[in-house]
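Secondary and tertiary structure notes
Residues per chain are reported as follows:
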Amino acid sequence: MRMETPLGRVRGLGSAKSGTHGWWLERLTSVSTFLLFVWFLVSLLRLPALDHKTVVDWLSSPVNAVAMLLLIVSTFWHIKLGMQVVIEDYVHQEGNKIFLLLVLNFFTIGAAALAIFSVLKIAFGKGAA
């Protein structure tokens with residue numbers, strides 16, 4: 001005798017067929033975000049000043065720009081994963097859930113794209129200000 005709901009049989013998802021992947025991604029993005037934030041804070045503290053020119057020069061370095069891009073991607077991916085779990089767990093009306101997940105996806109992709117564009121503009125164009 002199978003202990004699945006009809007919807008579970010249609011979707012083909014049972015115990016640990018989708019949740020484990022999301023759980024691991026959350027853990028990996030939290031670790032990568034933490035490590036990259038430590039790098040970011042240490043790097044900023046090592047700068048002689050925090051004025052605009054110094055920070056732009058620092059971010060123009062390829063190593064710093066790539067690390068900052070990784071920090072942006074990791075942070076927004078982690079935000080998306082965490083908020084998705086909250087929405088899926090605590091929003092019970094299907095229409096509201098779908099709407100909030102769409103807003104979440106548009107927000108995280110849009111904000112990450114803006115941040116990535118800003119870093120690339122500084123890295124390749126020395127930042128127009």
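Residues numbered from 1 in each chain as written. Predicted model: local features only at pLDDT ≥ 70, side-chain atom pairs only at ≥ 80, totals over all residues. Heavy atoms only, no water.

**Details of the overall build of the protein chain**
For the protein chain, the helix and strand inventory stands at five helices and zero strands. The helix and strand sequence of the protein chain, counted from the amino end, reads α-α-α-α-α. Among the 129 residues that make up the protein chain, the fraction classed as buried is 27%. Look at the contacts in the protein chain between residues 6 or more apart in sequence, and 67% of them connect residues 24 or more apart. Summed over all atoms, the accessible surface of the protein chain reaches about 9300 Å², with 72% contributed by carbon and sulfur. (Helix = DSSP H or I, 4+ residues; strand = E, 2+ residues; numbered from the N terminus. Buried < 20%, exposed > 50% of the residue type's maximum accessible area, 1.4 Å probe, protein only. Contact = heavy atoms within 4.5 Å. Areas by Shrake-Rupley, 256 points an atom, 1.4 Å probe, with all protein chains shown as cover.)

**What to know about the packing of aromatic side chains**
If you walk through the whole model with that rule in mind, you get four aromatic pairs. Arranged with centres 6.2 Å apart and planes meeting at 50°, the rings of Phe40 and Trp58 form a pair that is tilted. Taken together, the positions of Phe40 in helix H2 (residues 19–46) and Trp58 in helix H3 (residues 52–59) put the pair 18 residues apart, joining distant regions of the chain. An aromatic cluster is present here, built from Trp39, Phe40 and Trp58 joined pairwise through their rings. (Phe/Tyr/Trp six-rings, centres within 6.5 Å; stacked < 30°, edge-to-face > 60°.)

**Quick notes on helix H4 (residues 62–90)**
The end-to-end C-alpha distance of H4, which contains 29 residues, comes to 42 Å, matching closely the 42 Å that a straight helix rising 1.5 Å per residue would cover. Those residues of H4 that fall on the buried side of the exposure criterion are Asn64, Ala65, Ala67, Met68, Leu69, Leu71, Ile72, Ser74, Thr75, Phe76, Leu81 and Ile87. (Expected span 1.5 Å × (residues − 1).)

**Section: the side chain of Thr108**
Examined against the element boundaries, Thr108 turns out to sit in helix H5 (residues 94–125). The exposure class of Thr108 is buried, given its relative accessible area of 5%. Setting aside residues up to four positions removed in sequence, Thr108 forms contacts with Phe76, Ile79 and Lys80.

**Here we look at the side chain of Glu26**
Mapped onto the secondary structure, Glu26 falls in helix H2. An unpaired buried charge is present at Glu26: no salt bridge exists, and Arg27, the closest side chain of opposite charge, is 4.2 Å distant. Sequence-distant contacts of Glu26, defined by excluding residues within four places in its chain, comprise His78, Leu81, Gly82 and Val85. (Lys, Arg positive; Asp, Glu negative; His and termini not counted. Salt bridge = Lys/Arg side-chain N within 4 Å of Asp/Glu carboxyl O.)

**Concerning the packing of H4 against H5**
Their axes nearest at 10 Å, the elements H4 and H5 cross at an angle of 170°. By the angle between their directions, the pair H4 and H5 is classed as roughly antiparallel. Within the contact of H4 with H5, the residues separate by chemical class into 19 nonpolar, three polar and three charged. (Axes fitted to C-alpha atoms, helices over the stretch in contact; angles between N-to-C directions. Parallel < 35°, antiparallel > 145°, perpendicular 65-115°, else oblique. Nonpolar A, V, L, I, M, F, W, Y, C, P; charged D, E, K, R; others polar.)

**Re the nonpolar core**
Trp58, Leu59, Met68, Ile72, Phe76 and Val119 are the most contacted members of the largest nonpolar core, which totals 16 residues. Where this core is concerned, the elements lending two or more residues are H2, H3, H4 and H5. Element by element, the count of residues in this core is highest for H4, at six residues. If we ignore the near neighbours within four places in the chain, the residues touching Ile72 are Ala112, Ala115, Ile116 and Val119. (Core = buried A, V, L, I, M, F, W, Y, C linked by side-chain atoms within 4.5 Å.)

Read these as spatial facts, not as claims about activity.
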